[in-house]
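The lines below spell out each chain.
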Amino acid sequence: MTEPSLLRKVKIHPLFWLVMGVGTVTGFFYEVLMVVAIVTVHELGHVAAAHWFGWRIRRIELLPFGGVFETDETGTKPFHEELCVVLAGPAQHIGLFFCSFLMVGTPLWSAADHAIFTYYNVALLCFNLLPLWPLDGSRCYLLLLEWWLPYRKALVVHLFTSAGFFISFVLMTAVFFTHQLQLWAILIFLSIMWWERHKKIPYIFIRFLVGRLDKPPSAPIQFDIVDQNATIRSLLYSLKKSKTHCYWIKPDRYKLEEKDLLDLSLREHDWNRELWKVFGPAF
């Protein structure tokens with residue numbers, strides 16, 4: 001079965017059409033077209049980078065303030081690939097600025113057009129770099145956490161610190177931008193996206209484990225000494241994306257490779273079992 005074309009994976013969120021309609025009615029249709037162009041090029045940057053690395057793209061959804069780029073590869077690919085895909089979107093804003101600057105003076109583009117376009121281009125870039133899920137700033141923050149912390153812990157820490165950033169942003173909006181209905185609509189959407197992310201944490205972690213089993217990482221080996229009373233869950237939760245793990249189980253220093261642990265996690269339904277119960281004869 002052939003994979004659907006990228007165009008069939010592009011979705012437009014209803015909020016996008018709402019903003020387009022409001023812009024048309026209020027006489028800001030030209031500015032809305034600028035925003036559409038910026039958002040589209042931004043998302044194409046993500047898509048081009050993901051396609052370059054051979055990622056499987058699930059969905060591309062356009063929003064008034066940016067887009068949502070979903071792929072099945074997040075959490076299973078090398079750090080440098082994920083970082084390149086995340087930064088490829090914001091990087092397009094630099095190219096857009098220079099394209100607009102070079103067009104100034106042509107019949108289609110005036111200095112006033114360039115000023116307006118630059119304003120929206122910078123505003124969308126700055127907003128997209130905020131640490132609010134699923135914006136690119138939040139994704140960069142998650143990558144940094146994944147580099148330093150065990151993968152499962154990074155997901156949880158990222159989720160709740162993002163909630164803290166979101167609450168702070170809501171309070172700031174309530175004080176300084178009370179009557180900005182479009183901004184409140186965006187915040188409602190972001191809260192829904194955060195809740196959906198919260199519900200998906202167990203599935204994201206399972207996908208991470210399966211991805212490690214299918215394609216073991218080439219990262220440096222980290223040796224960990226654990227007690228025989230440790231559970232399967234505790235070992236799985238200690239896995240770092242930036243390391244390949246090898247465990248020595250006390251007291252007899254029984255060696256447990258990461259691949260064997262991942263095999264065990266898929267066979268064993270009870271992750272709360274202690275290691276000595278699983279490897280009793282080996283001790």
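Up top is the structure these notes are about.
Source: prediction; values computed, not measured. (Residues numbered from 1 in each chain as written. Predicted model: local features only at pLDDT ≥ 70, side-chain atom pairs only at ≥ 80, totals over all residues. Heavy atoms only, no water.)

## Concerning the side chain of His 245
Position of His 245 relative to the elements: it lies in strand S5 (residues 244-250). Residue His 245 is classed as buried on the basis of its relative accessible area, which comes to 1%. Engagement of the side chain of His 245 in a polar contact is seen with the side chain of Asp 224, the distance being 3.1 Å. Apart from residues no more than four positions distant in its own chain, His 245 is found in contact with Arg 212, Gln 222, Asp 224, Ser 238, Leu 239, Lys 240, Glu 257 and Glu 258. (Helix = DSSP H or I, 4+ residues; strand = E, 2+ residues; numbered from the N terminus. Buried < 20%, exposed > 50% of the residue type's maximum accessible area, 1.4 Å probe, protein only. Polar contact = N/O pair within 3.5 Å; in protein donor to acceptor, adjacent residues only side chain to side chain. Contact = heavy atoms within 4.5 Å.)

## Examining the pattern of salt bridges
Pairing is possible between side chains that carry opposite charge, provided their charged atoms lie close to one another. Using the criterion set out here, one finds 6 salt bridges in the structure. Notably, a salt bridge pairs Lys 241 with Glu 146, separated by 3.2 Å at the nearest N-O pair. Residue Lys 241 is found in the loop between helix H8 (232-237) and S5, and its partner Glu 146 is found in helix H5 (residues 136-148); the two are separated by 95 residues along the sequence. A salt bridge links Asp 263 to Lys 259, with the shortest nitrogen-to-oxygen separation between them at 3.3 Å. (Salt bridge = Lys/Arg side-chain N within 4 Å of Asp/Glu carboxyl O.)

## Section: the nonpolar core
Nonpolar side chains in soluble globular proteins tend to be buried together. Counting residues in hydrophobic clusters, the biggest one holds 40 residues, and the most contacted among them are Leu 190, Leu 209, Leu 235, Leu 236, Leu 239, Leu 261 and Leu 275. Counting only elements with at least two residues in this core, the list comes to helix H6 (151-176), helix H7 (181-214), H8, S5 and helix H9 (258-267). Among the elements that take part in this core, H7 stands out by supplying 13 residues, more than any other. (Core = buried A, V, L, I, M, F, W, Y, C linked by side-chain atoms within 4.5 Å.)

## Considering the packing of helix H3 (residues 79-103) against helix H4 (residues 111-128)
Between H3 and H4, the shortest axis-to-axis distance is 10 Å and the interhelical angle comes to 175 degrees. Taken together, H3 and H4 sit at an angle that is classed as roughly antiparallel. Only His 114, Phe 117, Thr 118, Asn 121, Leu 124, Leu 125 and Asn 128 of H4 make contact with H3, whose side of the interface consists of Pro 90, His 93, Leu 96, Phe 97, Ser 100 and Phe 101. The class makeup of the residues in the contact of H3 with H4 is 7 nonpolar, 6 polar and no charged. (Axes fitted to C-alpha atoms, helices over the stretch in contact; angles between N-to-C directions. Parallel < 35°, antiparallel > 145°, perpendicular 65-115°, else oblique. Nonpolar A, V, L, I, M, F, W, Y, C, P; charged D, E, K, R; others polar.)

## Some thoughts on a nonpolar patch on the surface
Residues Ile 94, Phe 97, Phe 98, Phe 101 and Leu 102 make up a contiguous nonpolar surface patch of roughly 540 Å² in combined accessible area. Along the polypeptide, Ile 94 turns up in helix H3. (Patch = residues over 30% accessible without salt bridge, like charges linked within 9 Å, V, L, I, M, F, W, Y side chains within 5 Å. Areas by Shrake-Rupley, 256 points an atom, 1.4 Å probe, with all protein chains shown as cover.)

## Observations regarding the pairing of S5
Across the 7 residues that make up S5, a large majority, 5, are buried. Bridging between strand S4 (residues 221-227) and S5 involves 7 bridges; their strand directions are parallel. In the strand pairing of S5, Phe 223 is matched with Cys 246. The parallel pair S4 and S5, bridged by H8, forms a crossover whose chirality is right-handed. Between S5 and the antiparallel strand that follows it, strand S6 (residues 254-257), lie 3 residues; Arg 253 among them carries a positive phi value of about 55 degrees. (Pairing = 2+ DSSP bridges. Right-handed = clockwise from strand over helix to strand, strands pointing away.)

## A closer look at the packing of H3 against H5
Two elements in contact, H3 and H5, have axes whose closest approach is 10 Å; the angle formed by their N-to-C orientations is 165 degrees. As judged from the angle between their axes, H3 and H5 are roughly antiparallel. Where H3 crosses over H5, the two elements pack in a sense that is left-handed. For the pair formed by H3 and H5, the contact residues are Phe 79, Glu 82, Leu 83, Val 86, Leu 87 and Pro 90 on the first element and Asp 136, Arg 139, Cys 140, Leu 143, Glu 146 and Trp 147 on the second. (Left-handed = near helix turned anticlockwise from the far one by under 90°.)

## Side note on H5
For H5, which comprises 13 residues, the first-to-last C-alpha distance of 19 Å matches the rise-based estimate of 18 Å (1.5 Å per residue) to within 8%. Buried within H5 are the following residues: Asp 136, Gly 137, Ser 138, Arg 139, Cys 140, Leu 142, Leu 143, Leu 145 and Glu 146. (Expected span 1.5 Å × (residues − 1).)

## Examining the packing of aromatic side chains
Within the structure shown, the criterion is met by 12 aromatic pairs. With 5.4 Å between their ring centres and 75 degrees between their planes, Phe 97 and Phe 98 make a pair best called edge-to-face. Overall, the relative accessible area of 46% leaves Phe 98 in the partly exposed class. Judged by centre distance (6.4 Å) and plane angle (75 degrees), the ring pair of Phe 160 and Trp 194 falls under edge-to-face. Highlighted residues: Phe 160 in helix H6 and Trp 194 in helix H7, separated in sequence by 34 residues. Accessibility expressed as a relative area gives 19% for Trp 194, which makes it buried. Put simply, the rings of Tyr 151, Phe 205, Phe 208, Tyr 237 and Trp 271 touch in pairs and so form one group of aromatic residues. (Phe/Tyr/Trp six-rings, centres within 6.5 Å; stacked < 30°, edge-to-face > 60°.)

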